[in-house]
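Examining the three-dimensional arrangement
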Amino acid sequence: RERQLREHRPAHFPASPAASAETPAKPLRVGILGASGYTGSELLRLLHLHGGVEVKFMTGERSAGQPIGSVFPQLAFSLGKGLPLLEKTEPVSAWPELDVVFCCLPHATTQEIISQIPLEKTVVIDLSADFRLSDIKTYEEWYGEHKAPALQSSAVYGLTELNRDAVKSANLIANPGCYPTAAQLPLVPLLRAGLISSADITIDAKSGVTGAGRAPKTGTIFCEVADGMHAYSVAAHRHAPEIEQGLDAVCGEKTTVCFTPHLVPMSRGILETMYVKLAEGVTAADLKAELEKVYGEEPFVHVLPGAEVPHTRHVRGSNHVTMNVFADRIKGRAIIVSAIDNVVKGASGQAIQNMNVRFGFPETMGLEQVPMFP
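Residues numbered from 1 in each chain as written. Predicted model: local features only at pLDDT ≥ 70, side-chain atom pairs only at ≥ 80, totals over all residues. Heavy atoms only, no water.

**What about the pattern of salt bridges?**
Opposite charge on two side chains permits them to pair, given that their charged atoms come into close proximity. If you walk through the whole model with that rule in mind, you get 15 salt bridges. As a salt-bridge pair, E161 and K345 come within 2.9 Å of each other at their nearest N and O atoms. Of the two residues, E161 is situated in helix α6 (residues 160-167) and K345 in helix α11 (residues 344-359); the sequence distance between them amounts to 184 residues. For E161, a relative accessible area of 9% puts it in the buried group. K345 gets classed as buried once you look at its relative accessible area, which sits at 0%. Each of E42, R45, R268 and D341 takes part in a single network of salt bridges with overlapping partners. (Salt bridge = Lys/Arg side-chain N within 4 Å of Asp/Glu carboxyl O. Helix = DSSP H or I, 4+ residues; strand = E, 2+ residues; numbered from the N terminus. Buried < 20%, exposed > 50% of the residue type's maximum accessible area, 1.4 Å probe, protein only.)

**Notes on the sheet that holds strand β2 (residues 53-59)**
Ordered by their spatial adjacency, seven strands build an open sheet running β3-β2-β1-β4-β5-β7-β6, and the pairing between neighbours is parallel. On the outer flanks of this sheet lie β3 (86-87) and β6 (156-157), each paired with one strand and no other. Examined bridge by bridge, strand β1 (residues 28-33) and strand β4 (residues 100-103) share four bridges and lie parallel to one another. Bridge pairing links G31 to V101 in β4. (Pairing = 2+ DSSP bridges.)

**Let's talk about the packing of α6 against α11**
The N-to-C vectors of α6 and α11 enclose an angle of 35°; their axes lie 10 Å apart at closest approach. The chirality of how α6 crosses α11 is right-handed. Across the interface between the two elements, T160, E161, R164 and V167 of α6 pack against K345, Q350, Q353, N354, V357 and R358 of α11. For the contact of α6 with α11, the per-class residue count stands at two nonpolar, four polar and four charged. (Axes fitted to C-alpha atoms, helices over the stretch in contact; angles between N-to-C directions. Left-handed = near helix turned anticlockwise from the far one by under 90°. Contact = heavy atoms within 4.5 Å. Nonpolar A, V, L, I, M, F, W, Y, C, P; charged D, E, K, R; others polar.)

**Some points on the packing of aromatic side chains**
Any two aromatic rings considered together are summarised by their centre-to-centre distance and by the angle between their planes. Applying the stated rule across the entire model yields three aromatic pairs. When the centroid spacing of 5.3 Å and the interplanar angle of 40° are considered together, the rings of F57 and W95 count as tilted. Taken as a pair, F57 in strand β2 and W95 in the loop between β3 and β4 lie far apart in primary sequence, 38 residues in all. Each member of the pair F57 and W95 is classed as buried. Measuring from centroid to centroid gives 5.1 Å for Y139 and Y143, while their planes differ by 15°, and the two rings are stacked. Highlighted residues: Y139 and Y143, both in helix α4 (residues 136-143), separated by four residues, approximately one helical turn. Here Y139 matches Y143 in class, with each residue buried. (Phe/Tyr/Trp six-rings, centres within 6.5 Å; stacked < 30°, edge-to-face > 60°.)

**Topic: the confidence of the model for the protein chain**
The predicted model of the protein chain has a mean per-residue pLDDT of 92, with 94% of residues at 70 or higher. Low pLDDT, under 50, characterises residues 1-16; the stretch is placed with 37 contacts to residues that sit more than four places away or in other chains. (pLDDT = per-residue confidence, 0-100.)

**Side note on the pairing of β1**
Most of β1 is tucked away: five of the six residues are buried. In this structure, β1 lies alongside β2, joined through five bridges in parallel fashion. Bridge pairing links L28 to V53 in β2. Handedness of the β-α-β unit built from β1, helix α1 (residues 38-47) and β2 comes out right-handed. (Right-handed = clockwise from strand over helix to strand, strands pointing away.)

**Focus on α1**
Burial analysis of α1 places seven of its ten residues in the buried class, which makes it a mostly covered element. Every buried residue of α1 is accounted for by G40, S41, E42, L43, L44, L46 and L47.

**A short note on the sheet that holds strand β11 (residues 270-278)**
The seven strands lie next to each other as β9-β10-β8-β11-β14-β13-β12, forming an open sheet whose pairing is mixed. With one partner strand each, in any of the chains shown, β9 (230-231) and β12 (301-303) form the two edges of the open sheet. Where β12 meets strand β13 (residues 321-327), three bridges bridge the pair, whose relative direction is parallel. Looking at the pairing, H302 lines up with T322 of β13. Across the sheet, helix α10 (residues 284-295) lies against β8 (196-207), β11, β12, β13 and β14 (333-340), angled at about 160° from β13, the strand it touches most.

**Side note on the packing of α1 against α11**
The angle between the axes and the distance between the axes are what describe a pair of packed helices. Direction vectors running N to C along α1 and α11 enclose 50°, while the axes themselves pass 10 Å from each other. With respect to their mutual orientation, α1 and α11 come out oblique. As for the relative orientation of α1 and α11, their crossing is right-handed in sense. Counting all contacts with α1, which are made through T39, E42, L43, R45, L46 and L47, the residues of α11 involved are V344, A347, S348, G349, A351, I352 and M355. For the contact of α1 with α11, a count of residues per class yields eight nonpolar, three polar and two charged. (Parallel < 35°, antiparallel > 145°, perpendicular 65-115°, else oblique.)

Right under this line is the structure:
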């Protein structure tokens, strides 16, 4: 039997919050750097139904001079003829005038590009990790030299539901990583409310292969991924400090999470199972009640009813997040499960959600697609 993500919620989700009086009168002029990758192509798919934007500029280093349909044939059917040809990213001085730029370039390549963009005229939403970590030393420990440290203090972390007010006025938005999105959405409100211990958090995470990007790698070819699954970057994944940064902000102290990601043989999706220690006198039901209170009016975050378990297939192709809380058999502990589509809410969908907030569009605009299942 088919269900809506939330049985008590109407099928049409209102924006949260509503569009502001400052919604642009003309379509936003959009540029997409790295349109030939998975997150770039997903931006094009979602923006096609937005209605308030016009894509003016797209880059693809190995596909420069080609139409997007030569890289992603499915995009040619509905929108290929109305898009510009792919171009080289540099020189930045040759770009047309743009209101917003989505950066979908590999980590450690975005900083030098963004430092050349006049942020007083163009809003940048960066989907890489280049501006997510506010502490320069922490960034350099995990990613190497920071090539635009002067810009870091102006970057706003764009986990929309938790940082909406700051996103409204930001000109440089650091779009969160996929694993940190699925982890922080349930954990941050619970830590803020003092319902769980910050000293004992374990995150078991599983991701589809698109999280590794489109560039060919031995570890992501079919025979290496199909018919099995495996952990990777054990005790060394770069998303760990990003998760901890968000938790630290509400705890007021340094946290260290036990975070282990796994690669599973599917193209999209993230499923995270989080094991937490309850505060004294707190029950799993209290955790669920808090999450329902925090996210009850959110259009994309859904605390599932009863003992319903989140499935990646039920959010596939959408900006939705599902989560639920379960009492552990071990006294004083609880289990939290969350699911997202790593390419949408974990990347391109959240980037559009941030654009909507920043420019006063209804927050759900361009993101009302029903999840694709089966």
